[in-house]
Amino acid sequence: SSVADRWNRVVCAGGDRNRQTVYRAGTGPPRRPKSACLPDPQPVGKSEDMSEPLPLANRVAIVTGSNTGIGRVTARELARQGAHVFLACRSEEKTRPVIDEIRQLTEGRAQVDFLSLDLGDFASIRRCAEEFLRRDLPLHLLINNAGLAGSRGQTKSGFELAFGVTHVGHFL
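In this text the structure is predicted, and so the values were computed from the model without any measurement. (Residues numbered from 1 in each chain as written. Predicted model: local features only at pLDDT ≥ 70, side-chain atom pairs only at ≥ 80, totals over all residues. Heavy atoms only, no water.)

S.K.: Before we move on, could you go through unusual backbone geometry and cite the residues and values that matter?
M.R.: Notably, Glu107 is not glycine yet its phi reads approximately 55°, a positive angle. Relative to the assigned elements, Glu107 resides in the loop between α3 (92-105) and β3 (112-116). Residues other than glycine seldom take positive phi values, yet Asp136 does so here, at roughly 55°. Topologically, Asp136 is positioned in the loop between α4 (122-134) and β4 (141-143). The class of Asp136 is exposed, set by a relative accessible area of 69%. (Helix = DSSP H or I, 4+ residues; strand = E, 2+ residues; numbered from the N terminus. Buried < 20%, exposed > 50% of the residue type's maximum accessible area, 1.4 Å probe, protein only.)

Here you go:
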């Protein structure tokens, strides 16, 4: 089989977890479109036959940085599996399309909410925590996804920007 076939079989389909595909020096796997391995999201109900509850029903999750990238996909998939998902991001304007997408994919059954959170500002982190605690819900999953790379400056709390947002902010 060709290198592209092996790459697709091993990476996209899971392949044989004990087998590694080895490439000649300098070649590597073929370039793939950004989401070539991800299937198009399909609307889901309780289960395929609508008789079994979803695996994450009655679970509550917070995903930071969930308005784009891995955080967006993580929030979407948690909601599709039945979790009540809180998208904790700086901008409600940028997060609203993600919430709408999730609700559309789940045909309105998903519980998805926005939490305002700026991880570079300790006061914002405290407000976010207080807002979540006011809802009197248990927290089952906390996905610390938000982060910065390559940005310079300082947080409002005085830390180097990338360190303050990526590390300190999540653990306040």
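S.K.: Can you break down the sheet that holds strand β2 (residues 84-89) residue by residue, with the values?
M.R.: Within the open sheet, the 4 strands sit side by side as β3-β2-β1-β4. Their pairing is parallel. Sheet topology places β3 and β4 at the edges, where each strand pairs with a single neighbour. If you compare each strand with its neighbour and ignore which way they point, the axes differ by 20° on average. Of the pairings in the sheet, the one linking strand β1 (residues 60-64) to β2 comprises 5 bridges and is parallel in character. Within β2, the residue paired with Ile62 across the bridge is Phe86. Contacts from helix α2 (residues 69-80) reach β1, β2, β3 and β4 within the one sheet, and its direction differs from that of β1 by about 170°. In this fold α4 packs onto β1, β2 and β3, with an angle of close to 145° to the strand it touches most, β3. (Pairing = 2+ DSSP bridges. Axes fitted to C-alpha atoms, helices over the stretch in contact; angles between N-to-C directions. Contact = heavy atoms within 4.5 Å.)

S.K.: Describe α4, with residues and values.
M.R.: For α4, which comprises 13 residues, the first-to-last C-alpha distance of 18 Å matches the rise-based estimate of 18 Å (1.5 Å per residue) to within 8%. Those residues of α4 not exposed but buried are Ser124, Ile125, Cys128 and Phe132. Each buried residue of α4 lies within a common arc of 100° when the element is viewed along its axis, so the set occupies one face. The outward face of α4, more than 90 degrees from its buried face, is lined by the exposed residues Leu133 and Arg134. Residues of α4 that are buried in the fold lie against β1, β2 and β3. Taking the backbone nitrogen of Ala123 as reference, a side-chain oxygen 3.2 Å away marks Asp121 as the first, capping residue of α4. Two residues or fewer past α4, Asp136 is found with a positive phi of approximately 55°. (Expected span 1.5 Å × (residues − 1). Arc of directions from axis to C-beta. Polar contact = N/O pair within 3.5 Å; in protein donor to acceptor, adjacent residues only side chain to side chain.)

S.K.: So, the environment of Val73: which residues are in play, and what are the values?
M.R.: Assignment of secondary structure puts Val73 in helix α2. Along the sequence, Val73 and Val98 sit 25 residues apart, while their C-alpha atoms lie 9.4 Å from each other.

S.K.: So what's going on with the pairing of β3? Which residues, and what values?
M.R.: Both β2 and β3 contribute to a ladder of 5 bridges, which runs parallel. Considered in β3, the bridge of Ala88 is made with Leu115.

S.K.: I'd love a proper account of the pairing of β1, names of residues and values included.
M.R.: Of all the 5 residues making up β1, 5 are buried; the element is thus mostly covered by neighbouring parts of the structure. The side-chain alternation of β1 yields two buried faces, one formed by Val60, Ile62 and Thr64 and the other by Ala61 and Val63. Viewed along the sheet, the connection from β1 through α2 into β2 turns out right-handed. The pairing of β1 with β4 spans 3 bridges and is parallel. Counterpart to Ala61 in the pairing with β4 is Leu141. (Right-handed = clockwise from strand over helix to strand, strands pointing away.)

S.K.: With reference to specific residues and values, describe the environment of Ile102.
M.R.: Locating Ile102 in the fold gives a position in helix α3. Distance from Ile102 to Val112, taken between C-alpha atoms, is 7.7 Å for residues 10 residues apart in sequence. Setting aside anything within four residues of it in sequence, one finds Ile102 in contact with Ala75, Arg76, Ala79, Ala110 and Val112.

Remember that the coordinates give geometry; whether it matters functionally is a separate question.
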